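A look at the structure
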Amino acid sequence: MVTVLSEIAQVEDVQLLATQLFNAKSKELADMSVHGLVTGDQKSFSFETEHFEGDVGFAVVETTNDAVIIDRLEELLPEIVACKKERELSVMFLAVVNIVSLKGTLLLCGPAEISLARAAFPDGIISNEGSTLMDLGKRVSRKKDYIPAITQAIHGGWSKPKN
């Protein structure tokens, strides 16, 4: 299919075009408001267990340049907290996924997020002094990697910290 479309569009180097498209998307994301980044691709998941009842919000930003997004951490964290409050979520995560290196980083905006992230991703590495970033390695899919692990942790007895 790619071959046919590239012939129709008269594109000689499909890889170059793909790289240019990904870079354009990353540039657009770098210029996006923090509200747009936090709410643009955010979904909520409801849980009701013996130890936890509530909604978990999970936003994802996919980019070829994750550093550009992570460099805005100090702007993003308050917006994640605001979104969490506005949507009445118990927990709110933002994952920044580098689609080239296939690397995921989870932004943690508070004690509940740190606690659930540690329960769901015990091999995840808290990678900064403020405990607001967790390196998730090659985990990059909300559907296949993130939500199943969070669901397992919650159904396994995780409860939200009291503070």
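Residues numbered from 1 in each chain as written. Predicted model: local features only at pLDDT ≥ 70, side-chain atom pairs only at ≥ 80, totals over all residues. Heavy atoms only, no water.

1. With respect to the packing of aromatic side chains
- Under the criterion given, the structure shown has four aromatic pairs.
- Aromatic side chains phenylalanine 121 and tyrosine 146 sit 6.2 Å apart centroid to centroid with 90° between the ring planes, which places their arrangement in the edge-to-face category. Residue phenylalanine 121 is found in the loop between α6 (111-120) and β5 (125-126), and its partner tyrosine 146 is found in helix α7 (residues 142-155); the two are separated by 25 residues along the sequence.
- Taking relative accessible area as the criterion, tyrosine 146 reaches 0% and is therefore assigned buried.
- Members of the aromatic cluster, each reached through a chain of ring pairs, are Phe58, Phe93, Phe121 and Tyr146. (Phe/Tyr/Trp six-rings, centres within 6.5 Å; stacked < 30°, edge-to-face > 60°. Helix = DSSP H or I, 4+ residues; strand = E, 2+ residues; numbered from the N terminus. Buried < 20%, exposed > 50% of the residue type's maximum accessible area, 1.4 Å probe, protein only.)

2. Some points on α7
- Taken as a whole, α7 has its buried residues at Arg142, Tyr146, Ile147, Ala149, Ile150, Ala153 and Ile154.
- Of the residues flanking the start of α7, the one acting as N-cap is serine 141, its side-chain oxygen 3.4 Å from the backbone nitrogen of lysine 143.
- Positive phi shows up at glycine 157, right after α7, with a value of about 115°. (Polar contact = N/O pair within 3.5 Å; in protein donor to acceptor, adjacent residues only side chain to side chain.)

3. Focus: the pattern of salt bridges
- What the rule picks out here adds up to four salt bridges.
- Salt-bridge contacts for arginine 142 lead to aspartate 41; the nearest nitrogen and oxygen are separated by 2.6 Å. Here arginine 142 is found in helix α7, whereas its partner aspartate 41 is found in the loop between α3 (34-39) and β1 (42-48), with 101 residues between them in sequence.
- On the accessibility criterion, aspartate 41 (32% relative accessible area) is partly exposed.
- A salt bridge links glutamate 75 to arginine 72; the shortest N-O distance between them is 3.3 Å.
- Judged by its relative accessible area of 15%, arginine 72 falls in the buried class. (Salt bridge = Lys/Arg side-chain N within 4 Å of Asp/Glu carboxyl O.)

4. With respect to the pairing of strand β2 (residues 53-63)
- Most of β2 sits out of view: eight of its 11 residues are buried.
- Examined bridge by bridge, β1 and β2 share seven bridges and lie antiparallel to one another. Bridge pairing links phenylalanine 47 to glycine 54 in β2.
- Once β1 ends, the chain turns through four residues before running back antiparallel as β2. (Pairing = 2+ DSSP bridges.)

5. A closer look at the sheet that holds strand β4 (residues 103-108)
- Pairing is mixed across the open sheet formed by six strands, whose spatial order is β1-β2-β3-β4-β6-β5. Where the open sheet ends on each side, the last strands, each with one partner, are β1 and β5.
- Packed onto the sheet, α6 meets β2, β3 (91-98), β4, β5 and β6 (133-135) and runs at close to 60° relative to β3.
- Sheet contacts for α7: β1, β2, β3 and β4; angle to β1, the most-contacted strand, approximately 25°. (Contact = heavy atoms within 4.5 Å. Axes fitted to C-alpha atoms, helices over the stretch in contact; angles between N-to-C directions.)

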